Amino acid sequence: MRIPRLTRLRAGILLLAGILVLTPSFLAAQSSKADLNWNVHDPTRPMATVVTPGTPSTEEKAGSPPSDAIVLFNGKDLSGWISDKTKGPAEWKVENGTMEAVKGKGGIRTSQGFGDCQLHIEWRTPDPPVGKGQDRGNSGVFLMGIYEVQVLDTYQAQTYADGQAGALYGQFPPLVNPILPPGKWQTYDIIFHRPRFDKDGQVTRPAYVTVFMNGVLVQDNAELTGPTSHKARPAYKAHADRMPLGLQDHAHPVRFRNIWVRDLEKPAQ
Ligand code: MG
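Residues numbered from 1 in each chain as written. Predicted model: local features only at pLDDT ≥ 70, side-chain atom pairs only at ≥ 80, totals over all residues. Heavy atoms only, no water.

## Description of the overall build of the chain
(1) Moving on: When helices and strands are counted, the chain shows 1 helix and 15 strands.
(2) Moving on: Evaluated residue by residue, the chain yields a buried proportion of 41% over its 269 residues.
(3) Moving on: Counting contacts in the chain only where the partners sit at least 6 residues apart, residues at least 24 apart contribute 64% of the total.
(4) Moving on: In the structure as shown, the chain presents an accessible area of about 15,400 Å², 58% of it carried by carbon and sulfur atoms. (Helix = DSSP H or I, 4+ residues; strand = E, 2+ residues; numbered from the N terminus. Buried < 20%, exposed > 50% of the residue type's maximum accessible area, 1.4 Å probe, protein only. Contact = heavy atoms within 4.5 Å. Areas by Shrake-Rupley, 256 points an atom, 1.4 Å probe, with all protein chains shown as cover.)

## Details of the sheet that holds strand β2 (residues 81-83)
(1) Moving on: Reading across the sheet, the 5 strands line up as β2-β5-β14-β7-β8 and stay open at both edges, with antiparallel pairing between neighbours. On the outer flanks of this sheet lie β2 and β8 (147-151), each paired with one strand and no other. Strand-to-strand twist of the sheet, defined as the mean angle between neighbouring strand axes without regard to direction, takes the value 30°.
(2) Moving on: Bridging between strand β7 (residues 139-143) and strand β14 (residues 243-247) involves 2 bridges; their strand directions are antiparallel. Directly across from F142, in β14, lies its bridge partner G246. (Pairing = 2+ DSSP bridges. Axes fitted to C-alpha atoms, helices over the stretch in contact; angles between N-to-C directions.)

## Section: the coordination of the magnesium ion
(1) Moving on: All of the protein donors around the magnesium ion are N138 (OD1), S139 (O), E148 (OE), Q150 (OE1) and Q248 (OE1); their distances to the metal are 2.2 to 2.4 Å.
(2) Moving on: In primary sequence terms, the donor set of the magnesium ion follows N-S-x8-E-x1-Q-x97-Q. (Donors = N, O, S within 2.8 Å, 3.2 Å for Na, K, Ca; no water.)

## A few points about the side chain of T228
(1) Moving on: Mapped onto the elements, T228 comes out in the loop between β13 (216-223) and β14.
(2) Moving on: Of the polar contacts made by the side chain of T228, one reaches the backbone nitrogen of E148; its length is 2.8 Å. (Polar contact = N/O pair within 3.5 Å; in protein donor to acceptor, adjacent residues only side chain to side chain.)

## Regarding the side chain of T125
(1) Moving on: For T125, the position within the fold is in the loop between β6 (117-124) and β7.
(2) Moving on: Residue contacts for T125: discarding those within four places in its chain leaves G137, L152, D153, P182 and G183.

## Concerning the pattern of salt bridges
(1) Moving on: For the coordinates displayed, the defined rule picks out 13 salt bridges.
(2) Moving on: E100 is paired through a salt bridge with R255; the nearest N and O atoms lie 2.6 Å apart. With a gap of 155 residues between them, E100 in strand β4 (residues 98-100) and R255 in strand β15 (residues 255-263) connect regions that are remote in the sequence.
(3) Moving on: Under the relative-accessibility criterion, E100 is labelled buried at 11%.
(4) Moving on: Counted as one network, the salt bridges with shared partners bring together D116, R194, R196, D241 and E265. (Salt bridge = Lys/Arg side-chain N within 4 Å of Asp/Glu carboxyl O.)

## A short note on the pairing of β6
(1) Moving on: Among the 8 residues in β6, 6 count as buried, and that is most of the element.
(2) Moving on: In terms of strand pairing, β6 meets strand β9 (residues 186-193) through 7 bridges, oriented antiparallel. Paired with L119 across the strands is I190, a residue of β9.

## Concerning the nonpolar core
(1) Moving on: Among the nonpolar cores identified, the biggest contains 42 residues, and W81 and Y188 are the most heavily contacted of them.
(2) Moving on: In terms of residues, this core owes the most to one element, β6, which gives 4 residues. (Core = buried A, V, L, I, M, F, W, Y, C linked by side-chain atoms within 4.5 Å.)

## Quick look at unusual backbone geometry
(1) Moving on: Going from D127 to P128, the amide bond is cis rather than trans, its omega being 5°.
(2) Moving on: Look at H41: it is not a glycine, yet its phi comes out positive at around 60°.
(3) Moving on: With respect to the helices and strands, H41 occurs in the loop between α1 (5-28) and β1 (70-71).
(4) Moving on: We note that K231 has phi near 55°; this positive angle belongs to a residue other than glycine.
(5) Moving on: Mapped onto the elements, K231 comes out in the loop between β13 and β14.
(6) Moving on: When its relative accessible area of 79% is taken as the criterion, K231 is described as exposed.

## Topic: a nonpolar patch on the surface
(1) Moving on: On the surface, a nonpolar cluster with roughly 240 Å² of combined accessible area is contributed by L175, V176 and V216.
(2) Moving on: By the element assignment, V216 lies in strand β13. (Patch = residues over 30% accessible without salt bridge, like charges linked within 9 Å, V, L, I, M, F, W, Y side chains within 5 Å.)

## Some details on the packing of aromatic side chains
(1) Moving on: Using the criterion set out here, one finds 6 aromatic pairs in the structure.
(2) Moving on: With centroids separated by 6.2 Å and ring planes inclined at 25°, the aromatic side chains of W92 and F256 adopt a geometry described as stacked. You can see W92 sitting in the loop between β2 and β3 (93-95) and its partner F256 sitting in strand β15, a full 164 residues away along the chain.
(3) Moving on: Judged by relative accessible area, which is 5%, W92 ranks as buried.
(4) Moving on: Taking the centre distance of 5.8 Å and the plane angle of 40° together, the rings of Y147 and F192 count as tilted. Here Y147, found in strand β8, pairs with F192, found in strand β9; they are 45 residues apart in sequence, far enough to count as distant. (Phe/Tyr/Trp six-rings, centres within 6.5 Å; stacked < 30°, edge-to-face > 60°.)

Here it is in structure tokens:
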């Protein structure tokens, strides 16, 4: 049967319109669904909470966080951080507004736990660089202590793709590699949604991670298969809704500064 040209054209337009309308809501469905209790443009709907934005960092100076962020590192001491090894005070070096991993002192973690969050963190690998592959400016940002966003000097340096900077270790290589040379401050802006478990400990929704590295999207709502691991792909095990954020001691003097988090599970004030 021959379909009139006009009908085909209309069908095409309708299909395109459908895709355009449905795509944003589909993308947004992961963490936020439209609240249909409100009418479109409802004048009684409260406007968003006012937040004073932070200021960007420069190479010399760390910027400031937005007004509703929790500052995780004040540049002066490691209050709010504990040692993975001793469970006592964190023993990394604090100098010139930065903290530096100290070989043998172990990873550190926040004393406070977080679930869904927006995390900003800046890191710098040693200059001149030392070592090769994974043995070169290695550290890591561990969301909930078990989901690693890799920190590594992969500036003109080789390693396995799912272990380079910006990777979700062992699971997702970064989409691109926007890394700066060693000795330069690099930024991660991470949006994390923790996994959800039912009362029997089964996953009802996996964890999702979005990462901007130096302002460039490197992880786009990546769906984690479970905790990240070396040479393994462990399945999820039910865990608490809030767990500490960790930084890795991989025996390299990697520095961090300007660490802040916005808690996405607390209602706006
Ligand atoms: Mg690492």
